[in-house]
Amino acid sequence: MQIDWQNIDTVLLDMDGTLLDLHFDNYFWREHVPGIWAQQNGWSVSEAKDRLYPKFIETMGTLEWYCVDYWSEELGLDIMQHKTEVAHKIAYRPRAQAFLEKCQNESNDVRLITNAHRKVLNLKIKHTQLDQYFDQMYCSHELDYPKEQQQFWENLQALQAFDPARSLFLDDSESVLEAAECYGIGHVYSIAQPDSQNKRSEPSRFRMINEFA
Ligand SMILES: [Mg+2]
């Protein structure tokens, strides 16, 4: 697969599951949090999961879902402290750094756009030095809407104008990719295996990047 660099001015990249291995996040929310929440409340891990998953489903795709402060309050846990405990699991996807260097060479406008909270972004920068590859890094909390919403894209445009048709966007979330396509982003790609330890959970109707190489 060839990316049409000739017709791309702006590069917009998701972080988790696209540049970084989604395994960290999946492990944290599916294993680590249920374990410590169970321990704190005297429940079994499976009981904690049964209580937790409906809460996840309820908030999916909203800013709350991506907000560490919301989950700290909701669960009575210091989410950032617990993320820091397992931060050694934060890792790039294969060849992501080489791809980021390529983006820097091809474009003067390379932006990270993430639904992750700024506190989580800072933790990930600390462990990956991801910031060295970007002209700008935007968290959806600071744009008032998650990437799933058209208002996110309008607010991104208002912060720093870009031509959607001449923009490249990579993300591993189908609903986010659909929102980007709806906004008119011209070059949209999905990720074949966001989590190195698990098969992709849903198919994608977008072209998928298998290996950055
Ligand atoms: Mg992602």
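About the thresholds
Starting afresh in each chain, residues are numbered from 1 along the sequence in its written order. Whole-chain, interface and lining totals are the exception, using all residues; otherwise, since this is a predicted model, local features are given only for residues with pLDDT of at least 70 and side-chain atom pairs are given and counted only at 80 or more. The secondary structure listing takes helices from DSSP runs of H or I that are at least 4 residues long and strands from runs of E that are at least 2 residues long, numbered from the N terminus. Radius of gyration means the value over C-alpha atoms here, while the globule rule gives 2.2 Å times the residue count to the 0.38 power. Where each domain starts and ends follows an automatic or database-derived domain assignment. Contact definition: two residues whose C-beta atoms, as placed from backbone geometry, lie within 7 Å. For this scheme, ten residues count as nonpolar: Ala, Val, Leu, Ile, Met, Phe, Trp, Tyr, Cys and Pro. Four count as charged, namely Asp, Glu, Lys and Arg, and the remainder, Gly too, count as polar. Remark: C-beta atoms are placed from the backbone, and a residue is labelled buried if 20 or more other C-beta atoms sit within 10 Å of its own, exposed if 12 or fewer do, or partly exposed between those counts. We treat two strands as partners when DSSP finds at least two bridges between them. All axes are obtained by fitting lines to C-alpha atoms, using only the stretch in contact for helices, and the reported angles, taken between N-to-C directions, cover 0 to 180 degrees. For classification, angles of less than 35 degrees are called roughly parallel, those exceeding 145 degrees roughly antiparallel, those between 65 and 115 degrees roughly perpendicular, and all remaining angles oblique. In a helix, the anticipated span is given by 1.5 Å times the number of residues less one. Bend is the name given here to the angle between axes fitted to two runs of seven residues, the run ending at a residue and the run starting at it.

Caption draft 1: Looking closely at the overall build of the protein. What the protein contains, in helices and strands, is eight helices and six strands. Going from the N terminus to the C terminus, the protein shows its helices and strands as β-α-α-α-α-α-β-α-β-α-β-α-β-β. Relative to a compact globule of 213 residues, whose C-alpha radius of gyration would be 17 Å, the protein shows 17 Å and is just as compact.

Caption draft 2: Region of the structure containing the domain arrangement of the protein. For the protein, the assigned domains are domain 1 (5–21 + 91–209) and domain 2 (24–88). Listed as interface residues are 18 residues of domain 1 and, on the opposing side, 13 residues of domain 2. A per-element tally of the side of domain 1 that touches domain 2 places helix α6 (residues 118–128) first, with four residues. Class assignment of the residues belonging to the side of domain 1 that touches domain 2 gives a composition of six nonpolar, seven polar and five charged.

Caption draft 3: Geometry of the pairing of strand β1 (residues 10–13). Side chains T10 and L12 project from β1 onto one buried face, and the interleaved V11 and L13 project onto a second face that is buried too. Summarising the sheet, β1 and strand β4 (residues 167–170) pair through four bridges and their orientation is parallel. When the sheet's bridge partners are listed, L12 is paired in β4 with F169.

Caption draft 4: Expanded view of the pairing of strand β2 (residues 109–114). Within β2, five of the six residues are buried, leaving the element largely enclosed by the surrounding structure. Across four bridges, β1 lies against β2 in parallel orientation. Its bridge partner being in β2, V11 is matched across the sheet by V110. Relative to strand β3 (residues 136–139), β2 runs parallel, the two sharing four bridges. Bridge pairing in β3 places L112 opposite M137.

Caption draft 5: Representation of the sheet that holds β4. Read from one edge to the other, the open sheet built from six strands follows the order β3-β2-β1-β4-β5-β6, with strand pairing classed as parallel. Strands with a single pairing partner mark the edges of an open sheet, and in this sheet they are β3 and β6 (208–209).

Caption draft 6: Broad picture of the environment of P146. In this fold, P146 is placed in the loop between β3 and α7 (150–159). Residue P146 is classed as buried on the basis of its C-beta count, with 21 C-beta atoms lying within 10 Å. Among residues more than four places away in sequence, those in contact with P146 are G61, T62, L63, Y66, N115, S140 and F152.

Caption draft 7: Spotlight on the packing of helix α1 (residues 23–41) against helix α2 (residues 45–59). Following both chains from N to C, one finds α1 and α2 inclined at 110 degrees, their axes separated by 8 Å at the closest point. On the basis of their axis angle, the class for α1 and α2 is roughly perpendicular. Contacts between α1 and α2 involve P34, G35, W37 and A38 from the former and V45, E47, A48, K49 and L52 from the latter. Here the residues of the contact of α1 with α2 sort into six nonpolar, one polar and two charged.

Caption draft 8: Molecular detail of α1. For α1, with 19 residues, the first-to-last C-alpha span of 26 Å sits near the 27 Å given by 1.5 Å per residue. Of all the bends in α1, the greatest measures close to 35 degrees and is centred on W29. Buried within α1 we find F24, D25, V33, P34 and W37. At the C-terminal side of α1, G42 shows a positive phi close to 70 degrees.

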